[in-house]
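Overview (structure and organization)
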Amino acid sequence: MTGALGTVVEVFVSGMAKASLYAMMALGLTLIFGLLGVLNFAHGSLTMVGAYVAGLVMVTFATGSGLAAVGWFLVAALVAAVLVGGVGAVMEVGLIRKLYDRPPIYQILLTFGVTLVIDELARIVVLFYGLQPRADWRGALGTKPGFVDSNTALLGASVPNLELFELAFGVLTVVAVWAFLTQTRYGLVVRAGSEDDEMAAALGVDVRRVFTVVFALGAGLAGLAGALLMWDPAWGASVPLASETLLPAFVVVIVGGLGTFRGTVIAAGLVGMVDAVTTYFFNEGIITFSGISELTIFLILVGVLVVRPQGIAGLAEVGGH
Amino acid sequence: MSLLEVEDVHTYYGESHVLEGVTLDVEEGEVVALVGRNGVGKTTTLRSILQLTPPREGDVRYDGESLVGLDTHEVADRGVGWIPEDRRVFAHLTVEENVRLSVPPGSDEEAGLETAFEAFPDLREFADRDAGTLSGGQQQMLSIARGLVNENELLLVDEPSEGLAPLIVENVAESLQAVAEDTTLLLVEQNLPLALDLADRFYVVDHGEVVDEGSTEGVATDDERFERLSA
């Protein structure tokens, strides 16, 4: 039986794993909004496409078990990121670019329309291949190696290896994106181009290309998040994954302070931990009420909007009504 | 052939006809001042050259080749730099990052940093600070330093003394004089004594047209002409 310390460790690791997933869902969204000012309502759909692409690679090509399967997963995640990133690049060049000078409502309506198209296309494809669009894709879930499905003893707790895997994957992704933005010349170009596109262009930066790269990067991160969710039985590859991930992603981005990288990471940590704690108390502790974690996430959103409308790391607006 | 030739340029903001046929040229090695009242089209002339606000009529030639139809980054790649009004440093980037970004790809960033810090020693002290936290004068230094390391043959300098204390204006003038030793400058400046001090020639712009031009030599001591230009 798990002791008090073990319970704390289990809840903490669960919270951090959830935080990783929320950060993965929200990173691309916050990059695209923070750097381009575009609220991409198609982000959840891109995550869903990433989950299906990664699942398809795993189901079709993955062989072996143990570390070999994890290696194949990394290949599948890379394929999902590149393909979905490519979709993002096409979206930016073909659709979004024409609307940069228009009010934000145009971009919201456009990306919402793209969501409807992608979701319907996905529904048609999965029905065509005999998969149930509303259930998680069991075949893809089944490609997970046995040791990822088992537990590890840690400080008196029994921690699921899947949570440790999600935590490691999320942390590596956050560090990689941070390093790209702050430690590379192209990251510098991206930050400059998003702050003042005219000045960056006058210094020789091809700003249009930078915007395409940023959108592709944000979409690619959605694809990567989808790959990670494809292996998690709480999520799984399914058409509704689009809306299931879009809402928490928006909550994390708003709580963090629209478009701030640091705020998004902190908010993901906060939402993940609160989710884990409330899930523990209401599922296993006080009473059984499984819908509480979703409710809690939105309560955090309401609380932050009331107390600190600009979010954790956002700048306060001056004036307004 | 002049380094820069602006020929009968007409530029609009929406339906507003701002430049109504500006014509001017800048020879290699010169400092040329564009003077005139607020809102007569001086900044728009620079923006038209850079293709930030592309002209609807007329031509802009740099080193004999037309710039019209190019993207701004392509104009920059040809060697035309910009020190804009209000400095426009990247506020969320550090001073060092602002300078590094201005060094053209393939050039030595460390050498660029050293050039900037030698020209403006104060900037070395603030290298790790966000540029947005600098004072107006320090931001102007950074803006000029960016132009310096951007390896331009022609620099378009817009109102470098605007909003600065007199002592800082002197520093800025000295810095621009140093830059002008190996860079051609087209300078927009409302501070007439400063413009005349720095420039070899001047153009007066009014209502989107060039209405006067000449050498700056002797203007500062020619009371009647100085008064007319000041007006």
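What follows concerns the overall build of chain B. Helix and strand content of chain B: nine helices and ten strands. Each of the three principal axes of chain B carries a C-alpha extent, and together these read 45 × 40 × 35 Å. In chain B, which comprises 231 residues, the share counted as buried stands at 54%. For chain B, the computed accessible surface area is about 10100 Å², with 44% contributed by carbon and sulfur atoms. Charge centroids of chain B, computed over 15 positive and 50 negative side chains, lie 5 Å from each other.

With that settled, consider the pattern of salt bridges. Enumeration over the complete set of coordinates arrives at 21 salt bridges over all chains. Residues A:E198 and B:R88 are paired through a salt bridge, measuring 3.0 Å at the closest nitrogen-oxygen approach. Of this pair, A:E198 sits in helix α9 (residues 197–202) while B:R88 sits in the loop between β6 (80–83) and α3 (95–102), placing the two residues on different chains. Close ionic contact of B:E96 with B:R100 constitutes a salt bridge, the shortest N to O distance being 2.9 Å. With a gap of four residues between them, B:E96 and B:R100 both fall in helix α3, about one helical turn apart. Look at B:E96 and you get partly exposed, because its relative accessible area is 22%.

An α-helical turn contains 3.6 residues, so any two residues separated by three or four positions project in the same direction. By the burial criterion, the buried members of helix α4 (residues 109–119) of chain B are B:G112, B:L113, B:A116 and B:F117. Looking down the long axis of α4(B), one finds its buried residues gathered within 125° of arc, a one-sided arrangement.

Below, the discussion takes up the interface of chain B and chain A. In this complex, chain B contributes 26 residues to the contact, which on the side of chain A involves 18 residues. Buried area between chain B and chain A, summed over both chains or domains, comes out near 1900 Å², and the portion from carbon and sulfur atoms is 56%. Here chain B is connected to chain A by six salt bridges. Linking B:R47 and A:E198 is a salt bridge whose minimum nitrogen-to-oxygen distance equals 2.6 Å. Sorting the residues of the side of chain B that touches chain A by element identifies α2 (72–77), β6 and α3 of chain B as the ones contributing at least two each.

This part covers the sheet that holds strand β10 (residues 209–215) of chain B. All names here are of chain B. With mixed pairing, the six strands of this open sheet are ordered in space as β6-β7-β8-β3-β9-β10. Among the strands making up the open sheet, the edge pair consists of β6 and β10. Here the average twist between neighbouring strands, direction ignored, is 20°. The pairing of strand β7 (residues 154–158) with strand β8 (residues 184–188) spans five bridges and is parallel. By the bridge assignment for β8, D158 is matched with V188. In the packing of helix α7 (residues 166–180) onto the sheet, contacts are made with β3 (31–35), β7 and β8, and the angle to β8 comes to roughly 145°.

Here we come to the nonpolar core. By size, the foremost hydrophobic cluster in this structure holds 120 residues, and its most contacted members are A:F73, A:M230, B:I49, B:L156 and B:L186. Broken down by element, this core gets its largest block of residues, 14 residues, from helix α10 (residues 207–230) of chain A. Not counting residues within four places of it along the chain, the set of residues in contact with A:F73 comprises A:M58, A:F165, A:F169, A:A227, A:L228, A:M230 and A:W231. If you look at the next biggest cluster of nonpolar residues, it comprises 43 residues, including B:F126, B:A131, B:L155 and B:L176.

Its place among the elements puts B:E97 in helix α3. Apart from the residues lying within four places of it in its own chain, the contact partners of B:E97 are A:T182, A:L188 and A:R191.

All names here are of chain B. Pairing is antiparallel across the open sheet formed by four strands, whose spatial order is β2-β1-β4-β5. Each having just a single partner strand, β2 (16–26) and β5 (65–66) make up the two edges of the open sheet. Direction of pairing for strand β1 (residues 4–13) relative to β2: antiparallel, over a ladder of eight bridges. Note on β2: the bridge partner recorded for Y13 is S16. Relative to β1, helix α1 (residues 42–50) is tilted by about 110°, and along the sheet it contacts β1, β2 and β4 (57–62).

This paragraph deals with a negative patch on the surface. Together, B:E28, B:D63, B:E65 and B:E153 line one region of the surface with negative charge. Tracing the backbone shows B:D63 in the loop between β4 and β5.

Thresholds, definitions, all that
Residues numbered from 1 in each chain as written. Chains lettered and ligands numbered in written order. Predicted model: local features only at pLDDT ≥ 70, side-chain atom pairs only at ≥ 80, totals over all residues. Heavy atoms only, no water. Helix = DSSP H or I, 4+ residues; strand = E, 2+ residues; numbered from the N terminus. Buried < 20%, exposed > 50% of the residue type's maximum accessible area, 1.4 Å probe, protein only. Areas by Shrake-Rupley, 256 points an atom, 1.4 Å probe, with all protein chains shown as cover. Lys, Arg positive; Asp, Glu negative; His and termini not counted. Charge placed at Lys NZ, Arg CZ, Asp CG, Glu CD. Salt bridge = Lys/Arg side-chain N within 4 Å of Asp/Glu carboxyl O. Arc of directions from axis to C-beta. Contact = heavy atoms within 4.5 Å. Buried area = accessible area lost by both parts, 1.4 Å probe. Pairing = 2+ DSSP bridges. Axes fitted to C-alpha atoms, helices over the stretch in contact; angles between N-to-C directions. Core = buried A, V, L, I, M, F, W, Y, C linked by side-chain atoms within 4.5 Å. Patch = residues over 30% accessible without salt bridge, like charges linked within 9 Å, V, L, I, M, F, W, Y side chains within 5 Å.

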